Amino acid sequence: MTEKVTVNTLKQMKSSGEKIACLTSYDASYAKLQDEAGVDVLLVGDSLGMVLHGEATTLNVTMNDMIYHTRLVSGASQRALIISDMPVNSYSSPEQGLENALRLVNEGGAEVVKLEGGNDEICKIVSFITEKGIPVCGHLGLIPQSINKFGGYHVQAKTKETANELKQEALALQEAGAACLVLECIPARVAADVSQSLDIPVIGIGAGPDCDAQVLVVYDMLGLTGKTLKHSKNFLVGKDSIAGAIKAYVSEVKNKSFPSVEHSFE
Ligand code: KIV
């Protein structure tokens, strides 16, 4: 095994300009393949509500679901950093957030927990969890737990005003102690500006080529969801195995050929 990836490794990779390859992961078989293919971060996303449970949103995912899948992934990977999503309603207060973050770490084996949003209340929760020694990943832009507020899966931060609001929230999350930040479905220029303005690594999905890291939902990048998504690509095309597709993804992220303009939003 090459050296274990930690939050410090991600910071060093940001400083050195090496792109960070992340994928979602939900079970032991995929986690092992992804780890061996050199994926740096395995994100146990609450997208499992959609791609594993077949639901339209992530809103019915529970703490027990997240602990179960995080345990499967953490048990099968050796090198990658494990980030686990805190499901909706699991961080309604700092105390509840800490209690559930501890469960993801202690029962699931998560190394970082991820939560959505960047208002004052969320920043307080991020500080509270971070101060107790658990690294937190923020998530801004299209945040699926707020899908009913957005009224659909649309690109966010398109106006000057909303882009500035997102940047202020990103800076506030960093100030609150976040170790890294996911930006989902926002214009590439907005993500580039935020990535340059932050010291912490920024992980993009549908956020253009200039983020420090890229993440995709693994079933999307294998063409298993039957959806054509602008921000994703079917890496299985032309490959004879899932391992080959995952290796191609890692290589394209590292050599900066994925994502290109065709996978980005304006
Ligand atoms: O739940 C998830 O898979 C995510 C990624 C898409 C960023 O949050």
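In case you missed it, the structure is sitting above this.
Residues numbered from 1 in each chain as written. Predicted model: local features only at pLDDT ≥ 70, side-chain atom pairs only at ≥ 80, totals over all residues. Heavy atoms only, no water.

> Please explain helix H4 (residues 63-76) as it appears in this structure.
Working note: α-helix, 3.6 residues per turn, so residues spaced by three or four point in the same direction. Its 14 residues place the ends of H4 20 Å apart at the C-alpha level, agreeing with the 20 Å of an ideal helix rising 1.5 Å per residue. Where H4 is buried, its residues meet helix H2 (28-36), strand E2 (41-44), helix H3 (48-51), strand E3 (81-85) and helix H5 (94-108). (Helix = DSSP H or I, 4+ residues; strand = E, 2+ residues; numbered from the N terminus. Expected span 1.5 Å × (residues − 1). Contact = heavy atoms within 4.5 Å.)

> Is there a simple way to think about the sheet that holds E2 in this case?
Whether parallel or antiparallel, the strands of a sheet pair through hydrogen bonds between backbone atoms. Strand order in this closed barrel of eight strands is E1-E2-E3-E4-E5-E6-E7-E8, and the pairing throughout is parallel. This sheet shows a mean twist of 25° between the axes of neighbouring strands, independent of strand direction. Looking at chain direction, strand E5 (residues 136-141) and strand E6 (residues 180-184) are connected through five bridges and run parallel. Across the sheet, His-139 pairs through a bridge with Val-182, a residue of E6. Helix-sheet contacts for helix H8 (residues 160-176) involve E5 and E6, and the interaxial angle to E5 is about 175°. (Pairing = 2+ DSSP bridges. Axes fitted to C-alpha atoms, helices over the stretch in contact; angles between N-to-C directions.)

> Please explain unusual backbone geometry as it appears in this structure.
Both trends apply: most residues other than glycine have a negative phi, and most peptide bonds are in trans. Along the chain, Phe-258 connects to Pro-259 via a cis peptide bond; the corresponding omega equals 0°. The residue Pro-259 is located in the segment after helix H11 (242-254) in this model. One non-glycine residue with positive phi stands out, namely Ala-157, at about 55°. Ala-157 gets classed as buried once you look at its relative accessible area, which sits at 8%. Residues other than glycine seldom take positive phi values, yet Cys-185 does so here, at roughly 50°. As for its placement among the helices and strands, Cys-185 is situated in the loop between E6 and helix H9 (188-197). (Buried < 20%, exposed > 50% of the residue type's maximum accessible area, 1.4 Å probe, protein only.)

> Sorry, what's going on with the site of the ligand here?
Neighbouring residues of the ligand: Thr-24, Leu-43, Gly-45, Asp-46, Ser-47, Asp-85, Lys-114, His-139, Val-182 and Ile-205. In the environment of the ligand, an oxygen atom lies 2.5 Å from a nitrogen or oxygen atom belonging to the side chain of Ser-47. Residue Lys-114 places a side-chain N or O atom 2.9 Å away from an oxygen atom belonging to the ligand. Coverage of the ligand by the protein chains reaches 96% of its 260 Å² of free accessible surface. Counted by class, the shell around the ligand contains three nonpolar, four polar and three charged residues. (Near = heavy atom within 4 Å. Polar contact = N/O pair within 3.5 Å; in protein donor to acceptor, adjacent residues only side chain to side chain. Areas by Shrake-Rupley, 256 points an atom, 1.4 Å probe, with all protein chains shown as cover. Nonpolar A, V, L, I, M, F, W, Y, C, P; charged D, E, K, R; others polar.)

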